[in-house]
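Fold and geometry: a report
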Amino acid sequence: MKRPKKLSILGLSILLIASSLTGCGVKNNESKTDQNSSPQITQTTSKKPKYVFTFIGDGMSYTQVNAAQVYNGTIKNSDKVEVERLEFTKFPVVGSATTQDATSFAPDSASTATAISSGIKTHSGVIGLKADKQSKPESITEKLKKEGYKIGIVSSVSLDHATPAAFYAHAASRSDYYDIATQMANSNFDYFAGGSLLSPKGEDEKQKDVFETLKENGYKVTNDKNEIMSLNSDSGKVYAINPELQDSSAMSYNLDAKEDSLKLDDFVKKGIDVIDNEDGFFMMVESGKIDWAGHANDAMSNIKDVEVLSDAVNVAIEFANKHPQETLILVTGDHETGGMSIGQATTGYDTAFDILKNQKISYVKLDELINKYKEKTPKEKAKLEDILPIIKENFGFITLSDKDAKKEENSNLVLSDYEYKKLAKAFEESMKGDDSRDKSTESEILYGGYDPLSVTLTHIINNKAGIGWTSYSHTGVPVPVYAMGAGADKFSGFYDNTDIFNKLVEICGLK
Ligand SMILES: [Zn+2]
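Residues numbered from 1 in each chain as written. Predicted model: local features only at pLDDT ≥ 70, side-chain atom pairs only at ≥ 80, totals over all residues. Heavy atoms only, no water.

Focus: the overall build of the chain
Along the chain, the regular secondary structure elements total 18 helices and 14 strands. Computed over the C-alpha atoms, the radius of gyration of the chain is 23 Å, within 12% of the 24 Å expected from 2.2 N^0.38 for a compact globule of 511 residues. Expressed along its principal axes, the backbone C-alpha trace of the chain runs to roughly 70 × 60 × 45 Å. Within the chain, the fraction of its 511 residues that count as buried is 59%. Sequence separation of 24 or more characterises 74% of the internal contacts of the chain that already satisfy a separation of 6 or more. Accessible area for the chain stands at about 21000 Å²; split by element, carbon and sulfur atoms hold 50% of it. (Helix = DSSP H or I, 4+ residues; strand = E, 2+ residues; numbered from the N terminus. Rg over C-alpha atoms; globule rule 2.2 N^0.38 Å. Buried < 20%, exposed > 50% of the residue type's maximum accessible area, 1.4 Å probe, protein only. Contact = heavy atoms within 4.5 Å. Areas by Shrake-Rupley, 256 points an atom, 1.4 Å probe, with all protein chains shown as cover.)

Thoughts on the confidence of the model for the chain
Model confidence for the chain is summarised by a mean pLDDT of 91, while 91% of its residues fall at 70 or above. Low pLDDT, under 50, characterises residues 1-37; the stretch is placed with 52 contacts to residues that sit more than four places away or in other chains. (pLDDT = per-residue confidence, 0-100.)

Here we look at empty space enclosed by the protein
In this approach the atoms are scanned with a rolling probe the size of a water molecule, which exposes any empty space left behind. Counted according to the given criterion, the structure contains one cavity of 30 Å³ or more. In this structure, the largest cavity encloses a volume near 100 Å³. Lining the largest cavity are 14 residues, with Met251, Ser252, Ala257, Leu262 and Lys263 positioned closest to its centre. Each residue belonging to the lining of the largest cavity can be placed in one class, and the counts come to six nonpolar, five polar and three charged. (1 Å grid on protein atoms, 1.4 Å probe; cavity = no way out; pocket = protein on both sides within 12 Å on 5 of 7 lines; lining within 4 Å. Points joined across faces, edges and corners; volume = space filled by probe spheres on them. Nonpolar A, V, L, I, M, F, W, Y, C, P; charged D, E, K, R; others polar.)

A closer look at helix H18 (residues 498-507)
The periodicity of an α-helix, 3.6 residues per turn, causes residues three or four places apart in sequence to face the same way. In terms of residue burial, H18 counts as a mostly covered element, since seven of its 10 residues are buried. Gly509 occupies a position one or two residues after H18 and carries a positive phi of about 65°.

Here we look at the pattern of salt bridges
Taken as a whole and assessed by the stated rule, the structure comprises 23 salt bridges. Taking the shortest distance from any N to any O, the salt bridge between Glu84 and Lys76 comes out at 3.1 Å. The exposure class of Lys76 is exposed, given its relative accessible area of 55%. In this structure, the salt-bridge partner of Lys270 is Asp273, at a minimum N-O distance of 3.0 Å. Taken together, the residues span about one helical turn, with Lys270 and Asp273 both in helix H10 (residues 264-275) at a distance of three residues. On the basis of relative accessible area, Lys270 is assigned to the buried category, the value being 8%. Residue Asp273 is classed as partly exposed on the basis of its relative accessible area of 34%. Members of the salt-bridge network, linked through shared partners, are Lys392, Asp402, Asp404 and Lys407. (Salt bridge = Lys/Arg side-chain N within 4 Å of Asp/Glu carboxyl O.)

Some thoughts on the nonpolar core
Counting residues in hydrophobic clusters, the biggest one holds 80 residues, and the most contacted among them are Phe53, Phe55, Ile329 and Val331. In terms of residue count, the dominant contributor to this core is helix H12 (residues 299-322) (13 residues). Here this core spans two domains, and each of domain 1 (9-338 + 473-507) and domain 2 (354-468) adds at least three residues to it. (Core = buried A, V, L, I, M, F, W, Y, C linked by side-chain atoms within 4.5 Å. Domains from an automatic or database assignment.)

Listed below in structure tokens is the structure:
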């Protein structure tokens, strides 16, 4: 596949300005005319919402959203420069939120989710407590529960992880997984779904099993696909766990998930079946591994998990179209992760996102393949050539000596001398094992603590595509807030993430 023609600097600037405008509080009128793609986006009203959906892409800012749109646009039309819009970017109201917490401009998920759930600034690492680490603010979910709303908490990562936890727990440390999960079991909230728990029996595995506490408190706990699919409004309180889990009790990366796996959208659909009722509901849905892929600088996994968030939002849009006067949908991020950019040093004004389709697996699955090779190969016999077939199969990369390198359509997949040398160095570092690896600053910049070979492969394919990364951590880039439905008008403009909570409190008529 050829790269799209080089854009003029002027053309690119116009494109960048246009795409940034859609994310800066300008009302997006396109939604009123674009009827071609389903589901249809409905208008805003200023009525109090009876049904509230809050979607959070962890580590998702403008770049992550647009990377998914650029990728899909490039795949659809390789000869044009057009993005393929995600439905939620067509919402009639868009705002921007700053994300700094009480201690950092590059905040973490605990403090930022607390800002959204409870309207306060706190320390990184703190869940649902003020900066004194003691005072408990009342969260939006606690307030709405008192008003009779049913509450649903869905995440693709473990349910005791920072983002979901900030909507039901109060803890001085996000790592107190047992304490957090116990608070979940005692929350009396109505629907939990997605990932499992990291530490259900405590650190020494001797404490009371949280799954037992959940059952004692009347929760139906299931990880059976058929049972999950048959959940309904008579099921009572539910914790539905995906039968297919990957790393850290989280659901699989969308890129790795099996065709028939339950996805985030399935858990939103089921959530509606379980908690839809006369008194209304609030559902928080997190796509948590956008962040993890950002930390690891793995763009393809990042894009695919933004897509799965978009699929989940589409379920809510369908619901909203049946209850247009009473439903509010918000889609936002908690912070940016990775310092991702569209465009980077070696590709200048060019991008070639279509090359990403050659990446078949996430860095987590790639790590597994590399580890298998390490296990069966003595260090002194290890050589990069052994791994090249794995690299070709999962990233498409070939070397000049490969017979496929002569085919013109593969020209972008040939590893340059520079790239091959980088790979060879990374392979050598990777084979050393964690303890004897180079601990220099340069090594930290190159690999960020990830497997050197694995992260070098994602860096190479990202750079060929025209994607850059500046960090293995979070950054201070503001996040977009897309809104549609009852009360959506309030969410235009540029504000702080604590105002997401303040606006919800206001439009729901809460104290
Ligand atoms: Zn986060």
